[in-house]
Every structure is written in structure tokens, then in C-alpha cells.
Amino acid sequence: GAGVSQSPSNKVTEKGKDVELRCDPISGHTALYWYRQSLGQGLEFLIYFQGNSAPDKSGLPSDRFSAERTGGSVSTLTIQRTQQEDSAVYLCASSLASHADQPQHFGDGTRLSIL
Amino acid sequence: AQKVTQAQTEISVVEKEDVTLDCVYETRDTTYYLFWYKQPPSGELVFLIRRNSFDEQNEISGRYSWNFQKSTSSFNFTITASQVVDSAVYFCALSEAYPVYSGGGADGLTFGKGTHLIIQP
């Protein structure tokens, strides 16, 4: 069965450009999560969706970050006017439901490099 | 706020040695869940185990075992007879059943910084 799929695998862009990262969760998983992994900060939780709804967006690093999920499936994380500090691996995970006891299953991530 | 501490940044052992990875957590919630994930060089985080706060029974799965002690807020992971394929970064993580600001449900995992385990042949 297919796991969590993220695209692109790698993205290199110039400072100031907008980028869009995509996540396709495991079929049937209603909860979807975004994390950021960087050397300095470790693994940081950004946002989660239950269905198409994101109950809390306070984990997003700045107002340049936004995320949406449509049809209860694919999600996109958009970073506007990218900065060098946005360089990191962006990980997506999904779980059967958004209960705290549910194991999250992760994709391979998108490695974002801002020049 | 919840916190997970993995004090061991890097551990290097020779193959077939036993190794224990430490994890200490902080939470105000009475209902919470603890997880271990493995991140091999390929990068994908692989789920290993989940433990809930009401179940302190230790668990063994093949060469892996986990020791959960609420009295010391620890959830340690032991690999017996380590193998080169065990080389990876291991993360301990916590989720709370009733995080304050979300009013319930999952608000994401809080991860430790990870322990880089190197198994030398």
C-alpha cells in the first residue's frame, strides 16, 4: 500500500520567491500534519488538519506560511517571500484520526534550500 | 508546555553490544502518549512503538525493548545485540490527550532532539 507521498523531494529557490509543497496522505487517514526539521531546531510541529479543517495555526513560524487541505486528502504548505531561515526539510505525516494516541506515519519529506 | 529531552546526542558502539537510549519527558496532562521513531539515513521517520500513560508494562519486540517509568518520567529504549542496520537517529516523542490550547485532540507530536546511534562493525 502507498505511504505518505510528498513532492517535490528537493526544491532549490531564490530568496523572495514563493514555494508550494505538496503532501498526499495515506488513503483513509483523516488527520494530516506538517513538521519542519532543521539542524538548529530539530523537529517542529507546524500545523495539523482534521479533515479539511485546521483548528490551530499558531505553530506556523510566520504569516508567510499558510496551509490548506481540500477534499480531505491532499494538502499544500505554501511559503511566501522565502527567507534563508526557511531552509529545512518539511515533513508531512498522516494518521487514522486526530486523537493523540494515533501513530503518525511520515513521508520522505521535501528538502527546501533557499539561496 | 510539554517537553522531551534526549540527553545523548550521539552514541557509538560496536556491533553486538547492547545500547540504551534515554528519554525524559515533561507534561502536565494526566493522559498522554509516548512514541519512538527511527530515522535511518534515507530520511523517512519510521514509527516503532506507542505507550499510553496508564500502561507502565514494559514491552519487548525482538531485540528492542522499552522501559516506561512514570516515577522518573522516562521512556527508555534498549537495543540488544545491536546490528549495523540499527544505525540511525532515534527520536522520542510525546502527545497529550488534552493540550490546553486546542481543547482536546492531537496538536502534533513534541519531539526530542534525537540520538544519533552509530553501530560499528
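Residues numbered from 1 in each chain as written. Chains lettered and ligands numbered in written order. Predicted model: local features only at pLDDT ≥ 70, side-chain atom pairs only at ≥ 80, totals over all residues. Heavy atoms only, no water.

**Some remarks on the overall build of chain B**
Link 1 in the chain: Assigned secondary structure in chain B consists of zero helices and 12 strands.
Link 2 in the chain: For chain B, the N- to C-terminal ordering of α and β elements is β-β-β-β-β-β-β-β-β-β-β-β.
Link 3 in the chain: Radius of gyration (C-alpha) of chain B: 14 Å, near the 14 Å computed for a compact globule of 121 residues.
Link 4 in the chain: Long-range pairs, those at least 24 residues apart, make up 58% of the contacts in chain B with a sequence separation of at least 6.
Link 5 in the chain: Counting every atom, chain B has about 5900 Å² of accessible surface; 50% of that belongs to carbon and sulfur.
Link 6 in the chain: Charged side chains of chain B number 9 positive and 14 negative; the gap between the two group centres comes to 2 Å. (Helix = DSSP H or I, 4+ residues; strand = E, 2+ residues; numbered from the N terminus. Rg over C-alpha atoms; globule rule 2.2 N^0.38 Å. Contact = heavy atoms within 4.5 Å. Areas by Shrake-Rupley, 256 points an atom, 1.4 Å probe, with all protein chains shown as cover. Lys, Arg positive; Asp, Glu negative; His and termini not counted. Charge placed at Lys NZ, Arg CZ, Asp CG, Glu CD.)

**Observations regarding the layout of surface pockets**
Link 1 in the chain: Volume-wise, the largest pocket comes out at about 570 Å³.
Link 2 in the chain: Lining the largest pocket are 27 residues; nearest its centre among them are Gln37, Leu39, Val89 and Arg111 of chain A together with Gln39 of chain B.
Link 3 in the chain: Top contributing element to the lining of the largest pocket by residue count: strand S8 (residues 88-95) of chain A, with three residues.
Link 4 in the chain: Of the residues belonging to the lining of the largest pocket, the class tally is eight nonpolar, 16 polar and three charged.
Link 5 in the chain: Lining the second largest pocket are 18 residues, with Leu43 and Phe45 of chain A together with Gln2, Leu109 and Thr110 of chain B sitting closest to its centre. (1 Å grid on protein atoms, 1.4 Å probe; cavity = no way out; pocket = protein on both sides within 12 Å on 5 of 7 lines; lining within 4 Å. Points joined across faces, edges and corners; volume = space filled by probe spheres on them. Nonpolar A, V, L, I, M, F, W, Y, C, P; charged D, E, K, R; others polar.)

**What to know about the packing of aromatic side chains**
Link 1 in the chain: With the rule as written, the count across this model stands at 19 aromatic pairs over all chains.
Link 2 in the chain: For the ring pair Phe106 of chain A and Tyr37 of chain B, a centre distance of 5.4 Å and an interplane angle of 85° mean the geometry is edge-to-face. Of this pair, Phe106 of chain A sits in strand S9 (residues 105-106) while Tyr37 of chain B sits in strand S5 (residues 32-39), placing the two residues on different chains.
Link 3 in the chain: Judged by its relative accessible area of 0%, Tyr37 of chain B falls in the buried class. (Phe/Tyr/Trp six-rings, centres within 6.5 Å; stacked < 30°, edge-to-face > 60°. Buried < 20%, exposed > 50% of the residue type's maximum accessible area, 1.4 Å probe, protein only.)

**A few points about the environment of Leu115 of chain A**
Link 1 in the chain: Position of Leu115 of chain A among the secondary structure elements: in the segment after strand S10 (110-114).
Link 2 in the chain: For Leu115 of chain A, a relative accessible area of 59% corresponds to the exposed category.

**With respect to the state of the cysteines**
All names here are of chain A.
Link 1 in the chain: Inspection of the entire model under this criterion finds two disulfides over all chains.
Link 2 in the chain: The disulfide partner of Cys23 is Cys92, and the gap between their sulfur atoms is 1.8 Å. For the disulfide bridge between Cys23 and Cys92, the dihedral angle about the S-S bond is near -70°, and by the sign convention the bridge is left-handed. Taken as a pair, Cys23 in strand S3 (residues 19-24) and Cys92 in strand S8 lie far apart in primary sequence, 69 residues in all. Accessibility assignment for this pair places Cys23 and Cys92 in one class, buried. (Disulfide = S-S within 2.5 Å.)

**A short note on the confidence of the model for chain B**
All names here are of chain B.
Link 1 in the chain: In the predicted model, chain B carries a mean pLDDT of 91, and 93% of its residues have values of at least 70.
Link 2 in the chain: When pLDDT is averaged over each helix and strand of chain B, the minimum, 88, is found for strand S7 (residues 59-61) and the maximum, 98, for strand S3 (residues 19-21).
Link 3 in the chain: Low pLDDT, under 50, characterises residues 101-105; the predicted model gives this stretch 11 contacts beyond four residues in sequence or across chains. (pLDDT = per-residue confidence, 0-100.)

**Side note on the sheet that holds S3 of chain A**
Residue and element names in this part refer to chain A.
Link 1 in the chain: Sheet architecture is open: four strands sit in the order S1-S3-S7-S6, paired in antiparallel fashion. Of all strands in the sheet, those bounded by a partner on one side alone are strand S1 (5-7) and strand S6 (65-69). Recorded for the sheet is a direction-independent mean angle of 15° between the axes of neighbouring strands.
Link 2 in the chain: Where S3 and strand S7 (residues 75-79) come together, five bridges link them in antiparallel fashion. Directly across from Glu20, in S7, lies its bridge partner Thr78. (Pairing = 2+ DSSP bridges. Axes fitted to C-alpha atoms, helices over the stretch in contact; angles between N-to-C directions.)

**Details of the pairing of S5 of chain B**
All names here are of chain B.
Link 1 in the chain: Extensive coverage of S5 is indicated by the burial of eight of its eight residues.
Link 2 in the chain: On S5, burial covers both faces: Tyr32, Leu34, Trp36 and Lys38 on one face and Tyr33, Phe35, Tyr37 and Gln39 on the other are all buried.
Link 3 in the chain: Summarising the sheet, S5 and strand S10 (residues 88-96) pair through eight bridges and their orientation is antiparallel. Residue pairing across strands places Phe35 opposite Ala93, the latter belonging to S10.
Link 4 in the chain: Between the end of S5 and the start of strand S6 (residues 46-52), which pair antiparallel, lie six residues, with Gly43 showing a positive phi angle near 105°.

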